[in-house]
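Structural overview for review
The residues making up each chain are set out below.
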Amino acid sequence: MQHPSPAGPAPRTRLARLGGLIARHPRTWVAAWAVATIACFAVAVGGVTGESLFERLHSGAPTVESESSRAQDVIAQSQPALETLTLQVTGADLGDAATVAAGQRAARAVAAVPGVNEVRSPLLAPGGPSDPSVAPLLLGGSPARGGFVTVVDFEAGLSKPDQDRAEQAVEAALLEVASAVDGQGSIGSTSKVITAITSTVERDLLRGEGIALPLTFLVMVLVFGGFVAAGMPVVGAVVAIGGALLSLFGFSHAVELDATVVNIVTLLGLGLSIDYGLLTVSRFREELGERAHRTPTREEIAHAAERTVATAGRTVLFSGLTVAIALAGLLVFEASIMRAIGVAGVSVVLVAMVVAITLVPALCVLGGRRLARRATVATSDVGVFSRLAAGVQRRPVAVIVGVTVVLVALALPTLSMRLTSSGTELLPKDAQQRVFFEQLARDYPALSAPEVTVVAASSDTAAVQDWAAQFAAEPGVEGVTVSPLGEDHQRVDLRVAGRPTSDEAQELVATVRAARAPFETLTTGQAAGQIDFLDSMSARAPYAVGLVVLGTLVLLFLMTGSLVIPLKALLLNVISLGAALGVVVWIFQEGHLEGLLGFTSVGAVESLVPFLVLAFGFGLSMDYEVFLLSRIVEFHRHGAENDRAVSLGLQRTGRIITSAALLIVIVFAGFVAGDILIIKQMGVALVAAVVIDATLVRMLLVPATMTLLGRWNWWAPTPLRRLHDRFGITE
């Protein structure tokens, strides 16, 4: 039995007219994109403006305007943060007077470097390393252990060139200090950590794309059966990456851009571009299969281009808009990093979308005769995916129950999710700066930032000490110190055993904030900052979800004319994303597969990951939903009954969705191999989301639920039906 053909005369919609324009001037479109791509890479990576994107990146825990940030502002007024370099020395002979004297001369040379504000070192104490006042700077508090640190503070307000010159000179001078005392020295600083993270991000990006692009090309050669067709989506992906990097470079001038944003956004652009390119080239070849001549004429190629842009282009537009809406939800959040990812992500999606409906069709037109060699008449109505659909349609209830049980089981670990904001833990365990700071925290705890800090608005130090004494007995608290902070404030530092974001630290923050005081108090520290960040995210989340849900419902309604299908799509996406997050918790929080994936568990998931997975994963899930629904709707509108339309839609798109999922898994797997922990977590999360969605959800749950609902799939209230008749978007 043949279904009503959706082909027919080329529709003269705006997209069809765009396809005709591209068919008439393909070389112009390709040349324009080539020039634009070269310019994008030259500006963003080549540094033609004087600096590259990677030189403008930052790193740090996500922050929001909160009690924690206000406390930091008060501290900065009296104790402005200065750039520092820290030297750790081991194996020094601090018991030998001549050796100590040589070290003192070398330490004074450090202090003489232009741009240095202060040098704190046991060697420069009035009584030398034996002076009790410098015990916190000595390993074990004693010179007998042969270890010490020297901390150099730079002057405030140095220009970047002056700062760079001063740091280079100080670093060389500090190594001379280690040499003078016959010890081994290592140097670390916050700026070095940021440099290590950004350079690792750049290396991961190159490695990820170096893995992804060749493998995706090989897979597409197998999918398309030829190099020309396989190369077109890859070319589109490279162009989209250039646009992504340029957009990020632009945003770096408006907001502080976290280093991890680059991989996350370019990863999305690469994956979507390959997906859209695959869909576009596949549809172009399908349209060429309707030609009358063995070697297609220019008119037949132009007709295929019009049909491709009108149909596949429409699907790409819907998909791109749904992904963009999902990412636009990030703009609702207060944290600047979320907004930066949202704006950059939306721009990258738009670039990928425009490339897919302009550049890729132009490449198809230029390679039309080569593509026609393997283009055949429309795909058969019977195949692997139609048989799969038939099997699902025979037992839809059993399929729904079975798949739902699997997804719920995968999602269960999400209930125990713990969140953290890592610093040096983002780096590999053997990274030099991570090793440096872990050793510093272990051997010189007095130099590490206190886990909890309270700013008390009082000039009475004794009164603040009396108030703060109550926290000494709290679980995990190892020390309470009070010191003046300017003329009108006191600083209370509370040291807690364990990680800065441990349960003890977070419970202490809650206890301190709940405690009554005769003066105003502001609590800060890494644990407090994370609490404030998550509180802000939770407060804004309903608005973000509402925006995404409303936008998605409207778009899918305009595409399908149904109210049921969009609601069902949202529900299925929520279930599949919960399962993907459960996989992340099981692996990264519970520490499974550490050896295989090359990471060390910190006992939690990075605080940004769940929100980004929900946004990116939702967008990708809707991507495949639109791929499948667009064909089901197309066949249904041409007269096919519900079950028949579902079977035909799955048969026509099953291969594309499966291939697209495999390709995007390859893209994300390239970043799973990276070294930055949050990128690895995002890669694993999105691989899980895509695999779950493209198999269990798209191939089983969607046909099962659509079969069970039958004609109710296409239901909408009469007023909405009239609205769709007037404003619905069809070919």
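All values derive from a computational prediction rather than experimental measurement.

A tally of helices and strands in the chain yields 23 helices and 12 strands. A compact globule built from 731 residues should have a C-alpha radius of gyration of about 27 Å, and the chain, at 30 Å, falls within 12% of that. The long-range fraction of contacts in the chain, counting pairs at least 24 apart against all pairs at least 6 apart in sequence, stands at 81%. Looking at the chain as shown, the accessible area adds up to about 29,500 Å², and 60% of this sits on carbon and sulfur atoms. Put simply, the chain has 53 plus and 62 minus side-chain charges, and the middle of one group is 18 Å from the middle of the other.

Time to look at the sheet that holds strand β5 (residues 184–188). Spatial strand order, β3-β4-β2-β5: four strands in an open sheet with antiparallel pairing. Each end of this open sheet is capped by a strand with a single partner; those strands are β3 (116–120) and β5. For this sheet, the mean inter-axis angle between neighbouring strands, taken without regard to orientation, is 15°. As judged from the five bridges shared by strand β2 (residues 84–90) and β5, these two strands associate in the antiparallel manner. Bridge pairing in β5 places V89 opposite G185.

Turning our eyes to something else, we now look at the sheet that holds strand β9 (residues 477–485). Read across the sheet, four strands follow the order β9-β10-β8-β11 without closing on themselves; strand pairing throughout is antiparallel. Among the strands making up the open sheet, the edge pair consists of β9 and β11 (521–524). Sheet twist, expressed as the average angle between the axes of neighbouring strands with direction ignored, equals 20°. Inspection of the sheet shows strand β8 (residues 452–456) paired to strand β10 (residues 489–496) by five bridges, in the antiparallel sense. When the sheet's bridge partners are listed, V455 is paired in β10 with R491. Here helix α15 (residues 461–468) sits on the sheet and contacts β8, β9, β10 and β11; the angle it forms with β9, its principal contact strand, is near 160°.

Bringing the pattern of salt bridges into the picture now. For the coordinates displayed, the defined rule picks out 20 salt bridges. D162 is the salt-bridge partner of R165, the closest N and O atoms lying 2.3 Å from each other. In this pair, R165 and D162 both sit in helix α5 (residues 160–180), three residues apart, roughly one turn of the helix. By relative accessible area, which is 33% here, D162 ends up partly exposed.

Moving on, we get to the packing of aromatic side chains. Tallied over the full model, the rule gives eight aromatic pairs. Residues Y276 and F627 carry aromatic rings whose centres are separated by 6.5 Å and whose planes lie at 55° to one another, so their mutual orientation is tilted. Of the two residues, Y276 sits in helix α8 (residues 259–288) while F627 sits in helix α20 (residues 609–637), which places them 351 residues apart along the sequence. Pairing W467 with F519 gives two aromatic rings, centres 5.7 Å apart and planes at 75°, and the pair type is edge-to-face. Of this pair, W467 sits in helix α15 while F519 sits in the loop between α16 (503–514) and β11; the two residues are 52 residues apart in sequence, bridging distant segments of the chain. Take W467 and F519: they sit in the same class, and that class is buried. Among the aromatic residues, those joined into a ring-pair cluster are Y276, Y624 and F627.

Let's shift gears to the nonpolar core. Within the largest apolar cluster, 176 residues are counted, with the highest numbers of intra-cluster contacts made by V262, L327, L330, M338, L612, F616 and F668. Ranked by residue count, the leading element in this core is helix α22 (residues 677–709), at 19 residues. Residue contacts for F616: discarding those within four places in its chain leaves I264, L268, L327, L330, I341 and L686.

Moving on, we get to the pairing of β8. Counted residue by residue, β8 has five buried out of five residues, so it is predominantly covered. Side chains of β8 alternate between two faces, with V452, V454 and A456 and T453 and V455 buried alike. Of the pairings in the sheet, the one linking β8 to β11 comprises four bridges and is antiparallel in character. Residue pairing across strands places T453 opposite T524, the latter belonging to β11.

Below, the discussion takes up the confidence of the model for the chain. For the chain, the mean per-residue pLDDT works out to 87, and 96% of the residues sit at or above 70. Segment residues 1–11: pLDDT under 50, and 27 contacts once partners within four positions in sequence are set aside and those in other chains are kept.

Before going further, it helps to spend a moment on unusual backbone geometry. Even without a glycine there, the phi angle at D182 is positive, about 60°. Mapped onto the elements of the fold, D182 is located in the loop between α5 and β5. A relative accessible area of 52% places D182 in the exposed class. Positive phi, normally seen in glycine, also occurs at L593, with a value near 65°.

Turning to the pairing of β10, a few remarks are in order. Counting buried positions along β10 gives six out of eight residues, so the element sits mostly inside the fold. Where β9 meets β10, eight bridges bridge the pair, whose relative direction is antiparallel. Pairing of T481 across the sheet is with D493, part of β10. Between β9 and β10, which follow one another and run antiparallel, lie three residues, and G486 among them has a positive phi close to 70°.

Moving on to a nonpolar patch on the surface. Side chains of V397, V401, V405 and L708 sit close together on the surface and give an oily, nonpolar patch of about 360 Å² of accessible area. Considering each element in turn, the nonpolar patch owes the most residues, three residues, to helix α13 (residues 396–411). Summarising the element assignment, V405 is placed in helix α13.

A few words on the packing of helix α1 (residues 14–24) against helix α10 (residues 336–366). A pair of packed helices is characterised by two quantities: the angle between their axes and the separation of those axes. Here α1 crosses α10 at 50°, and the two axes come no closer than 9 Å. On the basis of their axis angle, the class for α1 and α10 is oblique. Here the hand of the crossing between α1 and α10 comes out right-handed. The residues of α10 that touch α1, namely those facing L18, I22 and A23, are I357, T358, P361, A362 and V365.

Two elements in contact, helix α12 (residues 384–394) and α22, have axes whose closest approach is 9 Å; the angle formed by their N-to-C orientations is 55°. Judged on the interaxial angle alone, α22 and α12 are oblique. Remark: the crossing between α12 and α22 carries right-handed chirality. Contact residues: F385, L388, V392 and Q393 in α12; M699, L700, P703, A704 and T707 in α22. For the contact of α12 with α22, the class distribution of residues is seven nonpolar, two polar and no charged.

Further remarks concern the side chain of D131. Inspection of the secondary structure assignment puts D131 in the loop between β3 and β4 (148–154). Look at D131: it is buried, it has no salt bridge, and the nearest opposite charge is R108 at 12 Å.

In this section: α22. The periodicity of an α-helix, 3.6 residues per turn, causes residues three or four places apart in sequence to face the same way. Largest kink in α22: about 45°, centred on V697. For α22, the buried fraction is high: 27 of the 33 residues fall into the buried class.

What follows concerns the side chain of T37. Secondary-structure assignment places T37 in helix α2 (residues 26–44). You can call T37 buried: its relative accessible area is 12%. Engagement of the side chain of T37 in a polar contact is seen with the backbone oxygen of W33, the distance being 2.7 Å. Those residues in contact with T37 that sit more than four places away from it in its chain are V238 and V239.

Reading the values: rules and limits
- Just so you know, the residues in each chain are numbered from 1, in the order the chain's sequence is written.
- Only residues with pLDDT of at least 70 are given local features in this predicted model, and only at 80 or more are side-chain atom pairs given and counted; all residues enter the totals for whole chains, interfaces and linings.
- Calculation of side-chain values draws on the structure's entire complement of heavy atoms; hydrogens and water are dropped beforehand.
- Starting at the N terminus, helices and strands are each numbered in turn, a helix being any DSSP run of H or I of at least four residues and a strand any DSSP run of E of at least two.
- Two things to know: the radius of gyration comes from C-alpha atoms, and the globule rule equals 2.2 Å times the number of residues to the power 0.38.
- We call two residues in contact whenever any of their non-hydrogen atoms come within 4.5 Å of each other.
- Where accessible areas are quoted, they stem from the Shrake-Rupley method and a 1.4 Å probe; at the residue level, only the protein chains shown are allowed to cover.
- This count recognises Lys and Arg as positive and Asp and Glu as negative, with His and chain-terminal groups excluded.
- Positions of charges follow a simple convention, taking NZ of Lys, CZ of Arg, CG of Asp or CD of Glu.
- Being paired, for any two strands, means DSSP has found at least two bridges between them.
- Orientation is described by lines fitted to C-alpha atoms, with helices fitted over the stretch in contact, and by angles between N-to-C directions that extend from 0 to 180 degrees.
- Salt bridges are identified by distance alone: a Lys or Arg side-chain nitrogen within 4 Å of an Asp or Glu carboxyl oxygen.
- Burial classification: accessible surface area is computed with a 1.4 Å probe over protein chains only, and a residue below 20% of its type maximum counts as buried, one above 50% as exposed, and the rest as partly exposed.
- Two rings from Phe, Tyr or Trp (for Trp, the six-membered ring) form a pair when their centres sit within 6.5 Å of each other. Planes less than 30 degrees apart are called stacked, planes more than 60 degrees apart edge-to-face, and all others tilted.
- We call a set of buried residues a nonpolar core when its members are Ala, Val, Leu, Ile, Met, Phe, Trp, Tyr or Cys and they connect through side-chain atoms within 4.5 Å of each other.
- pLDDT is a per-residue confidence score from the predictor, ranging from 0 to 100.
- Each patch is assembled from residues with relative accessible area greater than 30% and no salt bridge, linking like charges that lie within 9 Å and nonpolar side chains (Val, Leu, Ile, Met, Phe, Trp, Tyr) that lie within 5 Å.
- Orientation labels follow simple angle bins: below 35 degrees gives roughly parallel, above 145 gives roughly antiparallel, 65 to 115 gives roughly perpendicular, and whatever is left gives oblique.
- Helix crossings fall into two classes, left-handed where the near helix is turned counterclockwise from the far one by less than a right angle and right-handed where it is turned clockwise.
- Basically, the charged four are Asp, Glu, Lys and Arg, the nonpolar ten are Ala, Val, Leu, Ile, Met, Phe, Trp, Tyr, Cys and Pro, and anything else, Gly included, counts as polar.
- We define the bend at any residue as the angle between the axes fitted to the seven residues before and including it, ending there, and the seven starting there.
- What qualifies as a polar contact is a pair of N or O atoms within 3.5 Å, subject to a donor-acceptor requirement within protein and to the restriction that residues adjacent in sequence count only when both atoms come from side chains.

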